[in-house]
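Here's the letter readout for the chains.
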Amino acid sequence: DIQMTQSPSSLSASVGDRVTITCQASQDISNYLNWYQQKPGKAPKLLIYDASNLETGVPSRFSGSGSGTDFTFTISSLQPEDIATYYCQQYDNLPSMYTFGQGTKLEIK
Amino acid sequence: EVQLVESGGGLVQPGGSLRLSCAASGFTFSSYAMHWVRQAPGKGLEYVSAISSNGGSTYYANSVKGRFTISRDNSKNTLYLQMGSLRAEDMAVYYCARDQNPTFYDSSGIFDYWGQGTLVTVSS
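Here is a short report on the structure shown in this document. Nothing here was measured: the structure is a model prediction, and the numbers come from that model.

About the cut-offs
- Each chain has its residues counted from 1, running along the sequence as written.
- Working convention: letters from A go to chains and numbers from 1 go to ligands, in the order in which they are written.
- This being a predicted model, a pLDDT of at least 70 is required before a residue's local features are given, and a value of 80 or more before pairs of side-chain atoms are given or counted; all residues contribute to the totals for chains, interfaces and linings.
- Based on all heavy atoms of the structure, the side-chain values leave hydrogens and waters out of the count.
- Under the DSSP-based scheme used, a helix requires at least four consecutive residues in state H or I and a strand at least two consecutive residues in state E, with every element numbered from the N terminus.
- The globule rule used here is 2.2 Å times the number of residues to the 0.38 power, and the radius of gyration it is set against is calculated over C-alpha atoms.
- Classification of residues uses two cut-offs on accessible area relative to the type maximum, computed with a 1.4 Å probe and protein chains only: under 20% is buried, over 50% is exposed, and between them is partly exposed.
- The contact rule is simple, with two residues in contact once any of their heavy atoms fall within 4.5 Å.
- All accessibility values rest on the Shrake-Rupley procedure with a 1.4 Å probe; residue burial counts only the protein chains present in the view.
- For this count, His and the chain ends are skipped, Lys and Arg are scored as positive, and Asp and Glu as negative.
- Here the site of a charge means NZ on Lys, CZ on Arg, CG on Asp, or CD on Glu.

1. Some remarks on the overall build of chain B
Then step 1. Scanning chain B for helices and strands turns up zero helices and eleven strands.
Then step 2. Starting at the N terminus and walking to the C terminus, you meet the elements of chain B as β-β-β-β-β-β-β-β-β-β-β.
Then step 3. What you see for chain B is a C-alpha radius of gyration of 14 Å, in line with the 14 Å of a compact globule of 124 residues.
Then step 4. A principal-axis box enclosing the C-alpha atoms of chain B has dimensions of 45 × 25 × 25 Å.
Then step 5. A burial count over chain B gives 52% of its 124 residues as buried.
Then step 6. If you take every contact in chain B between residues at least 6 apart in sequence, the share linking residues at least 24 apart comes to 57%.
Then step 7. Taken as a whole, chain B presents about 5200 Å² of accessible surface, with 46% of it coming from carbon and sulfur.
Then step 8. Distance between charge centres in chain B, computed from 9 positive and 9 negative side chains, equals 6 Å.

Here you go:
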């Protein structure tokens, strides 16, 4: 199984800060990686797909990059409404093999 | 507007069974693969199962294979998850999610709409 190592597990930042989260795959997954945002008590929301494509309607301060085994998710200027847990998810191979990172909890400093 | 509404969660004893439903609206249900993803209390997301647009192909995580069955009724725009031999570790909020791309028969691997989730509690 492909393991996804997401870091950090938690992060505290100030409004306006640039925030970066990384996700490392245990093997090459090309660009088969998504990023989701989950606010407390809510369902996850797709933000970035295929490593770097912004989902329709998602603010442009969110971005993703990377390929192979190393991926980065960035919020260019943190807003109060961005407080949430963020997950990466790989989809290389069959659906039975899909896996999520362990999540990064983002808080306001 | 795309809507996915899960139901059927509740309290079940270890070893018991439960069937979850996900009612879909606002899109052509029969054109999209569908998925189940779960989240144990206070934990991260775990992929559970997928079904192709016409129900002809199904996939399961190893943790549920042989105990859970995914199915769909395209005439009723409804996705199901039949869960059996339930264990304490199956306790979670179960989300149904739509696959992003209708041109992918099996799955694009991208989940663009999610339901609000239904809680399954496994306890004696």
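There's more to say after this.
2. A few points about the environment of Ala88 of chain B
Residues and elements named next belong to chain B.
Then step 1. Note on placement: Ala88 falls in the loop between β8 (78-83) and β9 (92-99).
Then step 2. With a relative accessible area of 52%, Ala88 lands in the exposed category.
Then step 3. As a C-alpha pair, Ala88 and Gln13 span 75 residues in sequence and 8.8 Å in three-dimensional space.

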